[in-house]
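# Observations on chain architecture
Here's the letter readout for the chains.
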Amino acid sequence: MSTSFERGLRILTEVIEHGDASVEAVSRKLGIPASSAYRYFKVLREQDFVCEEDGRYRPGPALLRSAGRHHAQSYLAEVGNAVLREIVDQVGETAVMIVRIGSQAMCLRRVEPEKSLKYSFAVNELLPLHAGAGQRVLLAWAPPEVVHEVLTGSMTRFTAKTMNREQILASIPQTRSSGYVLSRGELDQGSLSIAIPVTSQGEVVCSINVAGPEATCGSRFWISSTLRVMQESANKLTQALQECTPNKSTRETLDDYSSIG
């Protein structure tokens, strides 16, 4: 006998696969009483996973938001190396694409020049949201509950320049206002990194991060010119995310990004 949770998932799957569904049709297909199906749909509606119109249930806001984030992240994984390669070719330093996974960050893609500052983390490695330029960009646009969880949790101090709770809290409005984070040695001593957000449908879906040795990348000219290159790539990527559609091949996905200039 299936559990209540399993039945709820099967009902949600029916809505996802068919675009809409009626209580009667779902109860017949899944072999559960209509009265039970009504109760499941009521809970799903209250949580915004489905919405009801004229007795038929369709995907609701919460489900659509989740699907949108998944699609955006899949697209970023496809074009990530191409995006970062363009940046590396222009600035000559390591470029990284970082996404938020709950209350942590993850390095989605990384591209390095032949001679570069080596990052202390690898692709697909989970990272703290409180330290590092790319991570703190994601924290600045994270939901309040995520910010609270990070700032009240264990915050490892990686170097003498790793920011404390008060400093991070004060930096969030500054980051939102300036649109970027400049980090000096928060994770790796002697490094300098810059990060900016990439948005899709008004939501920050990743950060683009460029890092190099502070001794050679600390000038105002390098910082401003690198920010300009990064912003061009971020704008191009945002446009591509708005225009891309699910179920495209990798080649079509890369063509979509490359065609935007």
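Basis of the calculations
Residues numbered from 1 in each chain as written. Predicted model: local features only at pLDDT ≥ 70, side-chain atom pairs only at ≥ 80, totals over all residues. Heavy atoms only, no water. Pairing = 2+ DSSP bridges. Helix = DSSP H or I, 4+ residues; strand = E, 2+ residues; numbered from the N terminus. Axes fitted to C-alpha atoms, helices over the stretch in contact; angles between N-to-C directions. Contact = heavy atoms within 4.5 Å. Salt bridge = Lys/Arg side-chain N within 4 Å of Asp/Glu carboxyl O. Buried < 20%, exposed > 50% of the residue type's maximum accessible area, 1.4 Å probe, protein only. Left-handed = near helix turned anticlockwise from the far one by under 90°. Core = buried A, V, L, I, M, F, W, Y, C linked by side-chain atoms within 4.5 Å. Expected span 1.5 Å × (residues − 1). Arc of directions from axis to C-beta.

The name an unreviewed UniProt entry assigns to the protein chain is DNA-binding IclR family transcriptional regulator, from the organism Paeniglutamicibacter sulfureus.

## Some details on the sheet that holds strand E3 (residues 56-59)
As summarised here, the arrangement of the 3 strands in space is E1-E3-E2, forming an open sheet in which the pairing is antiparallel. Every other strand in the sheet has two partners, leaving strand E1 (21-22) and strand E2 (50-53) as the edge strands with one partner each. By the bridge criterion, 4 bridges tie E2 to E3 in an arrangement that is antiparallel. Pairing of Glu52 across the sheet is with Tyr57, part of E3.

## Observations regarding the sheet that holds strand E8 (residues 191-200)
Taken together, the 6 strands give an open sheet; going across it, the order is E6-E5-E4-E9-E8-E7, and neighbouring strands pair in antiparallel fashion. The open sheet has two edge strands with one neighbour each: strand E6 (126-128) and strand E7 (181-184). Neighbour-to-neighbour, the strand axes of this sheet turn through a mean angle of 35°, independent of strand direction. Relative to strand E5 (residues 104-111), strand E4 (residues 94-101) runs antiparallel, the two sharing 7 bridges. Residue Ala95 lies in a different strand from E5, and its bridge partner there is Val111. Of the strands in this sheet, E4, E7, E8 and strand E9 (203-213) touch helix H9 (residues 220-243), which is tilted by about 25° from E8.

## Here we look at the pattern of salt bridges
In total, this model carries 7 salt bridges according to the counting rule given. A salt bridge links Lys29 to Glu14; the shortest N-O distance between them is 3.3 Å. Placement of Lys29 in helix H2 (residues 23-30) and of Glu14 in helix H1 (residues 4-18) is noted, with a sequence separation of 15 residues between them. For Glu14, a relative accessible area of 9% translates into the label buried. Residue Lys42 is joined to Glu46 by a salt bridge in which the shortest nitrogen-to-oxygen separation is 2.5 Å.

## A short note on the packing of H2 against helix H3 (residues 34-46)
The N-to-C vectors of H2 and H3 enclose an angle of 115°; their axes lie 9 Å apart at closest approach. Crossing of H2 over H3 shows right-handed handedness. Residue-level inspection shows Val23, Glu24, Val26 and Ser27 of H2 in contact with H3, the latter providing Ala34, Ala37, Tyr38 and Phe41.

## Looking at the nonpolar core
If you look at the biggest cluster of nonpolar residues, it comprises 33 residues, and the most contacted ones within it are Leu76, Met97, Val198, Ile208, Leu237 and Leu241. Counting residues per element, the ones that place at least two in this core are helix H4 (61-91), E4, E5, E8, E9 and H9. Counting residues in hydrophobic clusters, the runner-up holds 19 residues, among them Val96, Ile98, Ala105 and Leu139.

## Details of the pairing of E5
The antiparallel pairing of E4 with E5 creates a hairpin that spans 2 residues between the two strands, and Gly102 there sits at a positive phi of about 65°. Alignment of E5 against E6, held across 3 bridges, turns out to be antiparallel. Note that in E6 the partner of Gln104 across the bridge is Pro128.

## Observations concerning the environment of Glu24
Relative to the helices and strands, Glu24 is located in helix H2. Assessed through its relative accessible area of 37%, Glu24 is described here as partly exposed. Linking Glu24 and Gly55, residues 31 residues apart in sequence, is a C-alpha distance of 9.7 Å.

## Re the side chain of Thr238
Tracing the chain through its elements places Thr238 in helix H9. Non-local contacts of Thr238, meaning those with residues more than four positions away in its chain, are made with Val198 and Thr199.

## Focus on H3
Here H3 spans 18 Å end to end across 13 residues, near enough to the 18 Å set by a 1.5 Å rise per residue. Burial in H3 covers these residues: Ser36, Ala37, Tyr40, Phe41 and Leu44. Take H3 and look down its axis: the buried residues cluster within an arc of 135°, on one side only. Directly after H3, the chain includes Asp48, whose backbone phi takes a positive value near 70°.

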